[in-house]
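Each chain, letter by letter, is given below.
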Amino acid sequence: MKQNLIYRGPEPSHATRPIARRSKGSLRGSMVAALPGFPPPRTIQFESALEYAFLCLMLVRGDVHHIQEQPPAVSFPGTDGRPAHHVFDFLITLTSGERIAVAIKPMSRVLHLNFVFQLENITAAVSKRFADRVLLVTEQHIDRAKAADAARRLAKARPQLTEVAQ
């Protein structure tokens, strides 16, 4: 018996802010991903090749339950004493329940912006309800060959967006 299939598009991104669509210096895009924490597959956005490589590496790990890109902003005291805000690139939830807020930056920007000092202030303001720990990722932390392999694996195992009509 022939089964009729219907298309169910992916759930939209859950980012709390839109990604900048135009940039001369970096890659912007989105991909459809399936994780145990996504009942239907969901669109995940990224704002750089470094974020894309990190995302691919996370999506092929067996211990990642959920990923939110651009989670809610964290308020922290700025260097001038006035309130400031930071939006992490990803909030990763592992199958163990541990939540990791991830900031992804090229090392040149980390050094130029003295981002490590700023991230210490941000980390001090992160509540345990938001994340258990904070992680800074630069190109020095990402194995490009493993990221390319992860991207190939993801391309071969795209989530199904069709189901049998009832």
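Residues numbered from 1 in each chain as written. Predicted model: local features only at pLDDT ≥ 70, side-chain atom pairs only at ≥ 80, totals over all residues. Heavy atoms only, no water.

Looking up the protein chain in an unreviewed UniProt entry gives the name TnsA endonuclease N-terminal domain-containing protein, with the organism given as Phaeovulum vinaykumarii.

Before going further, it helps to spend a moment on the overall build of the protein chain. Scanning the protein chain from N- to C-terminus turns up four helices and ten strands. Mapped from its N terminus to its C terminus, the protein chain presents α and β elements in the order β-β-β-α-β-β-β-β-β-α-α-β-α-β. Along the first, second and third principal axes, the C-alpha atoms of the protein chain reach 70 × 35 × 30 Å. Expressed as a percentage of the 166 residues in the protein chain, the buried residues total 39%. Restricting to contacts in the protein chain with at least 6 residues of sequence separation, those with at least 24 account for 65%. For the protein chain, the computed accessible surface area is about 10000 Å², with 53% contributed by carbon and sulfur atoms. (Helix = DSSP H or I, 4+ residues; strand = E, 2+ residues; numbered from the N terminus. Buried < 20%, exposed > 50% of the residue type's maximum accessible area, 1.4 Å probe, protein only. Contact = heavy atoms within 4.5 Å. Areas by Shrake-Rupley, 256 points an atom, 1.4 Å probe, with all protein chains shown as cover.)

The next point concerns the environment of aspartate 89. Mapped onto the elements of the fold, aspartate 89 is located in the loop between strand E6 (83-86) and strand E7 (90-94). Each C-alpha atom of the pair aspartate 89 and proline 41 lies 20 Å from the other, and the pair is 48 residues apart in sequence. Beyond its immediate sequence surroundings of up to four residues, aspartate 89 is in contact with Glu51, Gln68, Glu69, Gln70, Pro71, Val102, Ala103 and Ile104. Polar contacts involving the side chain of aspartate 89 include one to the main-chain amide nitrogen of isoleucine 104, which spans 2.6 Å. (Polar contact = N/O pair within 3.5 Å; in protein donor to acceptor, adjacent residues only side chain to side chain.)

In this section: the sheet that holds strand E9 (residues 133-137). Sheet architecture is open: four strands sit in the order E4-E7-E8-E9, paired in mixed fashion. Of all strands in the sheet, those with a lone pairing partner are strand E4 (64-69) and E9, marking the two edges. Sheet twist, expressed as the average angle between the axes of neighbouring strands with direction ignored, equals 25°. Alignment of E7 against strand E8 (residues 99-104), held across four bridges, turns out to be antiparallel. Directly across from phenylalanine 90, in E8, lies its bridge partner valine 102. (Pairing = 2+ DSSP bridges. Axes fitted to C-alpha atoms, helices over the stretch in contact; angles between N-to-C directions.)

The next point concerns the nonpolar core. Ranked by internal contacts, the top residues of the largest apolar core, which has 27 residues, are Phe54, Ile67, Phe90 and Ile92. Of all the elements in the fold, those that place two or more residues in this core are strand E2 (29-33), strand E3 (42-46), helix H1 (49-59), E4, E7, E8 and helix H4 (144-156). For this core, the element with the highest residue contribution is H1, accounting for eight residues. Residues in contact with phenylalanine 54, not counting those within four places in the same chain, are Phe90, Ile92, Val102, Ile104, Val137 and Ile142. The next biggest cluster of nonpolar side chains, apart from the first, holds 16 residues, and it includes Val74, Leu91, Ala101 and Val110. (Core = buried A, V, L, I, M, F, W, Y, C linked by side-chain atoms within 4.5 Å.)

For the rest of this paragraph, the subject is the pattern of salt bridges. According to the stated counting rule, one finds four salt bridges in the structure shown. A salt bridge links aspartate 80 to arginine 82; its shortest N-O distance comes to 3.7 Å. There is no split in this pair, since aspartate 80 and arginine 82 are both exposed. Glutamate 98 is paired through a salt bridge with arginine 133; the nearest N and O atoms lie 2.7 Å apart. Of this pair, glutamate 98 sits in the loop between E7 and E8 while arginine 133 sits in strand E9; the two residues are 35 residues apart in sequence, bridging distant segments of the chain. (Salt bridge = Lys/Arg side-chain N within 4 Å of Asp/Glu carboxyl O.)

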